[in-house]
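Here is what each chain is made of, one letter per residue.
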Amino acid sequence: MIIGFPNPSLPCAFALGPLIHAAFLKNFELDIYIPHMFGVGMFSLIGLTYFYITHAGLTVLASIARVASEASCFSLGIFTSMIIYRLFFHRLRRFPGPLPARVTRFYALHLSGKNVQYQVELEKLRDQYGDFVRTGPREIMILRKSAVPLVLGAQSPCLKSTWYSQVSRKSEMTQLAFSRDVLDHKRRKKAWDRGFSVKALSTYQPRIKSKVDILTAEFLKTAGTPKDVTAWMMMLAFDVMGEIGYGKDFGGLVTGREHAAAKAIHDHMTILGTIGMVPWLLYMIQFIPGAAAGYAPFFKWCGDMIREKKTMWDPEKYPQDIASWLIKAVMEKDVSASPTEASLTDDGRLIIIAGSDTSASVNACTMFLLAKYPHVLRKLQRHLDAAMPDGPHAWSYNQLATVTYLDDVIKESMRLMSPVMTGGYRVTPVEGLQVDEVWIPGDVNVFVPIQILHTDERYFVNPLGFVPERWGERKREMGTDESLLIPFSAGVYKCPGDKLAMMSMRIAISCIVQMFDIDFAPGETGEAFATDRKDAFTSVLRPLKLVFTKREK
Ligand code: HEM
């Protein structure tokens, strides 16, 4: 018997749920406050239990049982309210989409978790529901070419969505890519851009070539025997980014083994890519002791490198790598400087994460496509031979500028097998966004899935064919719209490393193609490689066995 004390009945606890939801939860960007809510929830439960024991004369067990049933009723009230609201009253209620997706982000996690091929699941949703699909309680996937400038373009009013708060909700504590503060992002991007200037790129070019030389020497040594290009292109990309990013050698190409830092990233990529479907879940995982332990070698490597570079800083020396450009801004207290030690270290990780898997994926996919379409390989070889008739010894980056077909091949490879498949999530401005005949309300997450757009038959003739000529000699005939090729995204959040990536891919692909014929290894069809690409924000590829045979003169 409790006399004179608050005695909330179970119906009261249930009724409190919708009240809290209507007054508080539904009006905030909850994703980033989930840990706080858990904290408040736990604190309240313990407090209430203590109260019933000390002030209401209940035994410990009775008190726990009572709080548990009240908490269950309260949760039931909240979830019932949420479900009813999301289904029948939400501003997106009229948009088509699967029922569970309207209710919870966990449905996206379920779709992604099936086979880590979210891009395939999204394609099915597009086929079933059309160009505007409600893929989450407050998320719309848009498949219209007019959405590209509106959502991603330089003049777009859309900002980065909650997806980018998965590490911290404070921009000054995170890497550039996760900065949601417009001014912070704009300021900091200038430091990155300096690291990709024409002059900086010219210092990187011979160093990339020297890494590619190690790779081609290895291919030459073992010519005719099957090579896993997925693994080798990854080691090349990491060695390149170690060199260009930090002036350090990961040593993958020489040892033939993945560096511990690289392995730390790859071991967790698919799981993190999937959990990222529910950004607040990913945000919370970092608070679980030991959950990020697998990443430790990578975090340590980047942290050590940044510290070492700061200690050895020489203001007189022209920066030789991307990290040095970022550190230069910090040392000179430039406005573009990474604001905190934490954000600088996180930027340091971004250098490797952003620059390696993406380029590795394009290189491996291009090798696959050249093996599958030998007439394209032959044509590219003819163009390279014409530009550099004296063969590999006369290879020159300047001469490559005349081989426009090389860029056509790379672009077509990125169109057909985009290394970033789904792409960045944005949030609409308060006044909403008009896309053709459809008005999307404000404060709604939107995205244009890159891979599906790239293979949309309305926008690309023969969308599943590998036709590099669509970017060159047949551009007009095929009506190619370059603005719809967005492997590097677009607008203010566009990849600043695009020119470095293009340079690096040009060097790698031209050197390999100039020296070798490329075929599938016996028993390898490339079928699984092509169809089983995982979508972990950047793509994760299966091994692919190819044979590189030295070309006859
Ligand atoms: C083929 C290679 C590459 C592809 C396809 C690619 C693709 C992308 C895409 C799609 C984004 C935007 C992601 C979003 O909207 O959230 C991005 C951002 C970024 N990329 Fe790349 N990238 C590549 C290579 C590189 C390289 C070599 C670097 C050099 C370190 C780099 C650095 C960055 C950075 C710093 C951002 C964040 C930009 C921002 O938030 O403003 N990327 N990249």
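Parameters at a glance
- Residues numbered from 1 in each chain as written.
- Predicted model: local features only at pLDDT ≥ 70, side-chain atom pairs only at ≥ 80, totals over all residues.
- Heavy atoms only, no water.
- Near = heavy atom within 4 Å.
- Polar contact = N/O pair within 3.5 Å; in protein donor to acceptor, adjacent residues only side chain to side chain.
- Helix = DSSP H or I, 4+ residues; strand = E, 2+ residues; numbered from the N terminus.
- Nonpolar A, V, L, I, M, F, W, Y, C, P; charged D, E, K, R; others polar.
- Pairing = 2+ DSSP bridges.
- Axes fitted to C-alpha atoms, helices over the stretch in contact; angles between N-to-C directions.
- Donors = N, O, S within 2.8 Å, 3.2 Å for Na, K, Ca; no water.
- Domains from an automatic or database assignment.
- Contact = heavy atoms within 4.5 Å.
- Buried area = accessible area lost by both parts, 1.4 Å probe.
- Salt bridge = Lys/Arg side-chain N within 4 Å of Asp/Glu carboxyl O.
- Phe/Tyr/Trp six-rings, centres within 6.5 Å; stacked < 30°, edge-to-face > 60°.
- Buried < 20%, exposed > 50% of the residue type's maximum accessible area, 1.4 Å probe, protein only.
- Lys NZ or Arg CZ within 6 Å of the ring centre and 35° of its normal.
- Lys, Arg positive; Asp, Glu negative; His and termini not counted.
- Core = buried A, V, L, I, M, F, W, Y, C linked by side-chain atoms within 4.5 Å.
- Expected span 1.5 Å × (residues − 1).
- Patch = residues over 30% accessible without salt bridge, like charges linked within 9 Å, V, L, I, M, F, W, Y side chains within 5 Å.
- Areas by Shrake-Rupley, 256 points an atom, 1.4 Å probe, with all protein chains shown as cover.

J.: Where do I start with the site of the ligand in this structure?
T.: Inspection of the region around the ligand gives 32 residues, with Lys160, Tyr164, His185, Lys189 and Cys495 positioned closest. A distance of 2.5 Å separates an oxygen atom of the ligand from a polar side-chain atom of Tyr164. Within the side chain of His185, an N or O atom sits 2.6 Å from an oxygen atom of the ligand. Counting only elements with at least two residues in the shell around the ligand, the list comes to helix H8 (182-194), helix H16 (341-372) and helix H22 (498-515). Counting residues per element, the shell around the ligand draws most heavily on H16, at 7 residues. A per-class count over the shell around the ligand returns 22 nonpolar, 7 polar and 3 charged.

J.: Would you take a moment to explain the sheet that holds strand S12 (residues 545-550) for this structure?
T.: Think of a sheet as strands paired side by side through backbone hydrogen bonds, with each pair either parallel or antiparallel. Here 3 strands make up an open sheet; going across it, the order is S4-S12-S9 and the pairing antiparallel. Where the open sheet ends on each side, the last strands, each with one partner, are strand S4 (226-228) and strand S9 (516-520). Recorded for the sheet is a direction-independent mean angle of 40° between the axes of neighbouring strands. Strand direction decides the pairing type here: S9 and S12, joined by 5 bridges, are antiparallel. By the bridge assignment, Phe520 is partnered in S12 with Leu546.

J.: Got a minute to help me understand the coordination of the iron atom of the ligand in this structure?
T.: A lone protein donor contacts the iron atom of the ligand, and this donor is Cys495 (SG), found at 2.3 Å. Tracing the backbone through its elements, the reader meets Cys495 in the loop between helix H21 (475-478) and H22.

J.: Help me out: how do you make sense of the domain arrangement of the protein chain in this one?
T.: Interfaces are often sized by the accessible area lost when the parts come together. Its domain assignment divides the protein chain into domain 1 (10-89) and domain 2 (171-550). Placing the centre of domain 1 and that of domain 2 at their C-alpha centroids yields a distance of 46 Å. Every contact between the two is made by 7 residues of domain 1 and, on the other side, 6 residues of domain 2. The junction of domain 1 with domain 2 conceals about 560 Å² of combined surface from both sides, 69% of it contributed by carbon and sulfur atoms. Linking domain 1 to domain 2 there are 0 salt bridges. Put simply, domain 1 and domain 2 have 0 residue pairs in polar contact (both at pLDDT 80 or more) between them. Partitioned by chemical class, the residues of the side of domain 1 that touches domain 2 number 4 nonpolar, 1 polar and 2 charged.

J.: How should I be thinking about the sheet that holds strand S1 (residues 132-136) in this particular structure?
T.: What the 5 strands build is an open sheet, ordered S1-S2-S8-S5-S3; its pairing is mixed. Where the open sheet ends on each side, the last strands, each with one partner, are S1 and strand S3 (159-160). Relative to strand S8 (residues 445-447), strand S2 (residues 139-142) runs parallel, the two being bridged by 3 bridges. Within S8, the position partnered with Met141 by the bridge is Phe447. Of the strands in this sheet, S1, S2 and S8 are in contact with helix H6 (residues 118-129), which crosses S1 at around 135°.

J.: How should I be thinking about the packing of aromatic side chains in this particular structure?
T.: What characterises a pair of aromatic rings is the spacing of the ring centres plus the angle enclosed by the ring planes. As enumerated under the stated definition, the model contains 22 aromatic pairs in all. Judged by centre distance (6.2 Å) and plane angle (70°), the rings of Trp163 and Phe178 are edge-to-face. Separated by 15 residues along the polypeptide, Trp163 in the loop between S3 and H8 and Phe178 in the loop between S3 and H8 bring together distant segments of the chain. Note on accessibility: Trp163 and Phe178 belong to one class, buried. A network of ring pairs unites the aromatic residues Trp163, Tyr164, Phe178, Tyr425, Phe447 and Phe537 as a single cluster. Over the face of the ring belonging to Tyr318 we find Lys199, whose NZ or CZ atom lies 4.3 Å from the ring centre.

J.: Explanation requested: the environment of Val116 in the structure shown.
T.: Tracing the backbone shows Val116 in the loop between helix H5 (106-115) and H6. Spatially, the C-alpha atoms of Val116 and Gly97 are 20 Å apart, while their sequence positions differ by 19 residues. With sequence-adjacent residues up to four places away left out, Val116 is seen in contact with Thr270, Thr274, Arg533, Lys534 and Asp535.

J.: Help me understand the side chain of Arg426, please; the structure alone is not making it clear to me.
T.: Following the sequence through the fold, Arg426 ends up in strand S5 (residues 426-427). Summary of buried charges: Arg426 has no salt-bridge partner, and the nearest side chain of opposite charge, Glu139, is 11 Å away. Apart from residues lying up to four places away in sequence, Arg426 is in contact with Val151, Leu152, Cys158, Leu159, Lys160, Ser161, Tyr164, Val444, Asn445, Val446, Ser489 and Tyr493.

J.: Looking at this model, I keep getting lost on unusual backbone geometry. Mind explaining?
T.: In terms of backbone geometry, most residues other than glycine have negative phi values and most peptide bonds are trans. For Asp443, which is not glycine, the phi torsion reads 55° and is therefore positive. With respect to the helices, strands and loops of the structure, Asp443 is situated in the loop between strand S7 (438-440) and S8. Residue Asp443 is classed as partly exposed on the basis of its relative accessible area of 37%.

J.: Would you take a moment to explain the environment of Ala262 for this structure?
T.: Of note, Ala262 is situated in helix H12 (residues 260-275). Residues Ala262 and Leu236 lie 26 residues apart in sequence; the distance between their C-alpha atoms is 12 Å.

J.: Is there a simple way to explain the nonpolar core in this structure?
T.: If you look at soluble globular proteins, the nonpolar side chains tend to sit buried side by side. Grouped together as the largest cluster of nonpolar side chains are 97 residues, with contacts concentrated most on Tyr204, Ile352, Leu380, Leu500 and Ile518. Contact partners of Leu500, with chain neighbours within four places excluded, come to Phe196, Leu201, Tyr204, Ile208, Met241, Ile244 and Ile322.

J.: Explain the pairing of S12 here, please?
T.: Regular strands place side chains that alternate from one sheet face to the opposite one. Pairing geometry for S4 and S12, over 3 bridges, is antiparallel. The residue of S12 that forms the bridge with Pro226 is Val547.

J.: How should I be thinking about H22 in this particular structure?
T.: Residue pairs three or four apart in sequence face the same way in an α-helix, which turns once every 3.6 residues. Between its terminal C-alpha atoms H22 stretches 26 Å, which fits the 26 Å expected from 18 residues at 1.5 Å a residue. Among the 18 residues that make up H22, 17 are buried, leaving the element largely enclosed by the rest of the structure.

J.: What is the right way to read a nonpolar patch on the surface from this model?
T.: Where nonpolar side chains cluster on the molecular surface, the patch consists of Leu16, Leu19, Ile20, Phe24 and Phe28 and spans about 460 Å² of accessible area. One can find Leu19 in helix H1 (residues 10-23). Given a relative accessible area of 55%, Leu19 falls into the exposed group.

J.: Could you clarify how one ought to interpret helix H14 (residues 296-311) in this entry?
T.: The terminal C-alpha atoms of H14 lie 22 Å apart, and with 16 residues this matches the ideal 22 Å at 1.5 Å per residue to within 8%. Where H14 is concerned, the buried positions are Phe298, Trp301, Cys302, Gly303, Met305, Ile306 and Lys309. Contacts from the buried residues of H14 go to helix H10 (229-246), H12, helix H15 (322-331) and H16.

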